[in-house]
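Close look at the chain arrangement
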Amino acid sequence: MIYELKDTSKVKELFAGWQETLIYSCLQNVMGKIYVTDLVCPSSAFAFVGCFGFFAGEPDRELVVNKPDGFVIMVPQNEEWSVLIEECYPTAKRVIRYAIKKDTVFDVRRLRNEISRLPAEYELRRIDSLIYDRCLENPITADFVSAFESKEQYLKIGRGMVIIKDGNIVAGASSYTRYNEGIEIEVDTVESERRKHLATIVCSALILECLNEGLYPSWDAQNMNSVHLAEKLGYEFAHEYVAYEVATEKRTH
């Protein structure tokens, strides 16, 4: 039987040393959920938020096979969990993702200079109530806000910036998730507006907003293009890690 664990302190040690802010979101009860097969003394745990799930502790087949509906990116703590995921989901796509260091000291002047490069025909806007609704109109921009339970939750604890051209959102950087000390950044640009420096500009704006509030803007990279963008903003690459894309739906993150 799978249970949702409310007292997350019971599994904190299982995730010890895993520097992943999405896990922090679950452990801190900010957003996301943690599932176990033993509520009293859990030896395994599955932390799930957005479309990401993290397996920790002793490999547990029941936790793996009872996945949430839809597309899930499963991240194993070790090779034993990897083997189990591959056994349970033989069609899962094994991918390499790229962790970014969590202690970046940003060059504020450089970030401000990046923002100044925004062409006159574009407008930089915070994600407020109106922009939130407009983000949901397009699958590309919906991911800026969709991991939050509600509009009210996003407006309370989420943070985001978008670039608008001719009345349309063409790029954005937002909190995919939130934890007590910061956010995990989600960034995208509509295909017709790519390679115009917009991602760098909108990310610079979001990072500065976070720094002004004392929040850390964490970054995790899906591919090397994302790594290069992160490095342009001042981040440093940490290490590669294995993940599994599980489901038939097209991936979005």
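Here's what I pulled together on the structure shown here. (Residues numbered from 1 in each chain as written. Predicted model: local features only at pLDDT ≥ 70, side-chain atom pairs only at ≥ 80, totals over all residues. Heavy atoms only, no water.)

Some points on the packing of aromatic side chains
Basically, it comes down to this: Note on aromatic pairs: the rings of Phe, Tyr and Trp (six-membered ring only in Trp) are paired at centre separations within 6.5 Å, and the planes decide the class, stacked below 30 degrees, edge-to-face beyond 60, tilted for the rest. For the exposure calls, accessible area comes from a 1.4 Å probe over protein chains only, and a residue counts as buried if that area is under 20% of its type's maximum, exposed if over 50%, partly exposed in between.
On inspection of all chains with the given rule, the structure shows 15 aromatic pairs. Taking 5.0 Å as the distance between ring centres and 85° as the angle between the ring planes, the aromatic pair formed by phenylalanine 148 and tyrosine 154 counts as edge-to-face. The same class applies to phenylalanine 148 as to tyrosine 154, namely buried. In this structure an aromatic cluster arises from ring pairing among Phe15, Trp18, Phe52, Phe54 and Tyr176.

Considerations on the layout of surface pockets
Defined as follows: Any residue with an atom within 4 Å of a point lines the site, the site being either a cavity, points on a 1 Å grid over the protein atoms alone where a 1.4 Å probe fits but cannot get out, or a pocket, an open set with protein on both sides within 12 Å along at least 5 of 7 lines. Grid points are joined across faces, edges and corners, and a volume is the space filled by probe spheres set on the points. Each helix is a run of DSSP H or I of at least 4 residues and each strand a run of E of at least 2, with the numbering of both proceeding from the N terminus. Polarity classes work like this: nonpolar for Ala, Val, Leu, Ile, Met, Phe, Trp, Tyr, Cys and Pro, charged for Asp, Glu, Lys and Arg, and polar for all others, with Gly in that last group.
The calculated volume of the second largest pocket comes to roughly 340 Å³. Only strand 5 (72–76), helix 3 (79–88), strand 6 (93–100) and strand 13 (237–246) provide two or more residues apiece to the lining of the second largest pocket. The leading source of residues in the lining of the second largest pocket is strand 13, at 4 residues. Considering only residue class, the lining of the second largest pocket consists of 9 nonpolar, 6 polar and 5 charged.

Examining the environment of isoleucine 185
Positionally, isoleucine 185 belongs in strand 10 (residues 182–189). For isoleucine 185, a relative accessible area of 8% puts it in the buried group. Sequence separation between isoleucine 185 and serine 174 is 11 residues; the distance between their C-alpha atoms is 5.6 Å.

Let's talk about the sheet that holds strand 13
Applicable threshold: Strands are treated as partners if at least two bridges between them are detected by DSSP.
The 8 strands are arranged 1-2-3-4-5-13-6-12 in an open sheet whose pairing can be described as mixed. A strand with exactly one partner marks an edge of an open sheet, and here the two such strands are strand 1 (3–4) and strand 12 (220–221). Pairing of strand 3 (residues 44–49) with strand 4 (residues 52–57), which is carried by 6 bridges, proceeds in the antiparallel orientation. Bridge assignment links alanine 45 to a residue of strand 4, and that residue is alanine 56.

So, the sheet that holds strand 10
This is how the line gets drawn: An axis is simply a line fitted to the C-alpha atoms; with a helix, the fit covers only the stretch in contact. Between two such axes, the angle follows the N-to-C directions and lies from 0 to 180 degrees.
Reading across the sheet, the 5 strands line up as 7-8-9-10-11 and stay open at both edges, with mixed pairing between neighbours. Whereas interior strands pair on both sides, the edge strands pair on one side only; in this sheet they are strand 7 (122–126) and strand 11 (216–218). Taking the axes of each pair of neighbouring strands and ignoring which way they run, one obtains an average angle of 25° across the sheet. Inspection of the sheet shows strand 7 paired to strand 8 (residues 160–165) by 5 bridges, in the antiparallel sense. In the sheet register, glutamate 123 faces strand 8, and the bridge partner there is isoleucine 164.

A closer look at the side chain of threonine 200
Spelled out, the test is: It only takes one pair of heavy atoms within 4.5 Å for two residues to be counted as in contact.
Within the secondary structure, threonine 200 is located in helix 8 (residues 198–213). Not counting the four nearest positions on each side in its chain, threonine 200 is found in contact with Glu114, Leu229, Lys232 and Leu233.

Thoughts on the pairing of strand 6
Successive residues of a regular strand alternate their side chains across the two faces of the sheet. One ladder, built from 8 bridges, connects strand 6 with strand 13; its direction is antiparallel. Across the sheet, lysine 93 pairs through a bridge with glutamate 245, a residue of strand 13.

With respect to helix 3
Heads up, the rule is: Directions from the helix axis toward the C-beta atoms define the arc. For the purposes of these results, a polar contact is taken to be a pair of N or O atoms within 3.5 Å, where, inside protein, one atom must be able to donate a hydrogen and its partner to accept one; residues adjacent in sequence count only when each atom of the pair is a side-chain atom.
Among all positions in helix 3, only Trp81, Ser82, Leu84, Ile85 and Cys88 are buried. Here the buried residues of helix 3 occupy an arc of 165° about the axis, which is enough to place them on one side. Along its buried surface, helix 3 packs onto strand 3, strand 4, helix 2 (61–65), strand 5, strand 6 and strand 13. The backbone nitrogen of glutamate 80 lies 3.2 Å from a side-chain oxygen of the residue at the head of helix 3, namely asparagine 78.

Things to note about the pairing of strand 3
Across the 6 residues of strand 3, 6 count as buried, placing the element largely inside the fold. Going residue by residue along strand 3, you find Ser44, Phe46 and Phe48 tucked away on one face and Ala45, Ala47 and Val49 tucked away on the opposite face as well. The sheet contact formed by strand 2 (residues 33–36) and strand 3 spans 3 bridges and is antiparallel. By the bridge assignment for strand 3, tyrosine 35 is matched with phenylalanine 46.

Brief notes about a nonpolar patch on the surface
What counts, and what does not: Residues forming no salt bridge and having over 30% relative accessible area are the ones grouped into patches, like charges within 9 Å of each other and nonpolar side chains (Val, Leu, Ile, Met, Phe, Trp, Tyr) within 5 Å. Using the Shrake-Rupley algorithm and a 1.4 Å probe, accessible areas are obtained, with residue cover drawn only from the displayed protein chains. Criterion for a salt bridge: a side-chain nitrogen of Lys or Arg within 4 Å of a carboxyl oxygen of Asp or Glu.
Residues Met1, Tyr3, Leu39 and Val40 make up a contiguous nonpolar surface patch of roughly 420 Å² in combined accessible area. Overall, leucine 39 belongs to the partly exposed group, its relative accessible area being 35%.

Some words on the packing of helix 4 (residues 108–115) against helix 8
Two measures define how a pair of helices packs: the angle their axes make with one another and the distance between the axes. The test is simple: Each angle gets one of four labels, with under 35 degrees taken as roughly parallel, over 145 as roughly antiparallel, 65 to 115 as roughly perpendicular, and the rest as oblique. The handedness criterion is simple: a crossing whose near helix is rotated anticlockwise from the far helix by less than a right angle is left-handed, and one whose near helix is rotated clockwise is right-handed.
Axis separation between helix 4 and helix 8 bottoms out at 8 Å; the angle between their running directions is 135°. One finds that helix 4 runs oblique with respect to helix 8. Like other packed secondary-structure pairs, helix 4 and helix 8 cross with a definite hand, here left-handed. For the pair formed by helix 4 and helix 8, the contact residues are Val108, Leu111, Arg112, Glu114 and Ile115 on the first element and Thr200, Ile201, Ser204, Ala205, Ile207, Leu208 and Leu211 on the second.

Note that all results are geometric; they support no functional claim without further evidence.
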